[in-house]
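Next come the chains, spelled out residue by residue.
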Amino acid sequence: MFETLLEMQERGVRDRARGRSLADNPMSKPDILPITDFQEWYSMFDAWRFGWSIEDAMAGHNNAPRDGGAVSLAYTRTV
């Protein structure tokens, strides 16, 4: 199972690099459901999300709202 979780993390990284959003988590797709083992499903769901978040942070993507709210854009003026 450990290898499978690492593969899901890597998939999350690749998906974020390709521009996919958190809503594109493959473990939340209807063809995965019904879930027979909730703990295993959630582990896979969370592994993908963790990989996605790592890539998001490393690439400096600051346009993904963390709390589900609106995106606020800030800038610093340089002279």
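Structure shown above.
Let us now look at the packing of aromatic side chains. According to the stated counting rule, one finds five aromatic pairs in the structure shown. Note on Phe-38 and Trp-41: the rings are 5.5 Å apart at their centroids and 35° apart in plane angle, and the pair reads as tilted. Linking Phe-38 with Trp-41, this pair stays in helix 2 (residues 38–58), spanning three residues, or about one helical turn. Overall, the relative accessible area of 56% leaves Phe-38 in the exposed class. Where Tyr-42 meets Phe-45, the ring centres are 6.1 Å apart and the plane angle is 25°; that geometry is what we call stacked. With Tyr-42 and Phe-45 both in helix 2, this residue pair falls three residues apart, about one helical turn. A relative accessible area of 36% means that Tyr-42 is categorised as partly exposed. Here Phe-45 falls in the buried class, since its relative accessible area comes to 18%. Feature note: the residues Phe-38, Trp-41, Tyr-42 and Phe-45 constitute an aromatic cluster, connected by ring pairs.

Relative to each other, helix 1 (residues 2–17) and helix 2 sit at 40°, their axes nearing to 7 Å. Considered as vectors, helix 1 and helix 2 are oriented oblique to each other. Between helix 1 and helix 2 the crossing geometry is right-handed. Here Thr-4, Leu-5, Met-8, Gln-9, Arg-11, Gly-12, Val-13, Asp-15, Arg-16 and Ala-17 of helix 1 come into contact with helix 2, specifically with Ser-43, Met-44, Ala-47, Trp-48, Phe-50, Gly-51, Trp-52, Glu-55 and Asp-56. Of the residues belonging to the contact of helix 1 with helix 2, the class tally is nine nonpolar, five polar and five charged.

Rules and cut-offs
Residues numbered from 1 in each chain as written. Predicted model: local features only at pLDDT ≥ 70, side-chain atom pairs only at ≥ 80, totals over all residues. Heavy atoms only, no water. Phe/Tyr/Trp six-rings, centres within 6.5 Å; stacked < 30°, edge-to-face > 60°. Helix = DSSP H or I, 4+ residues; strand = E, 2+ residues; numbered from the N terminus. Buried < 20%, exposed > 50% of the residue type's maximum accessible area, 1.4 Å probe, protein only. Axes fitted to C-alpha atoms, helices over the stretch in contact; angles between N-to-C directions. Parallel < 35°, antiparallel > 145°, perpendicular 65-115°, else oblique. Left-handed = near helix turned anticlockwise from the far one by under 90°. Contact = heavy atoms within 4.5 Å. Nonpolar A, V, L, I, M, F, W, Y, C, P; charged D, E, K, R; others polar.

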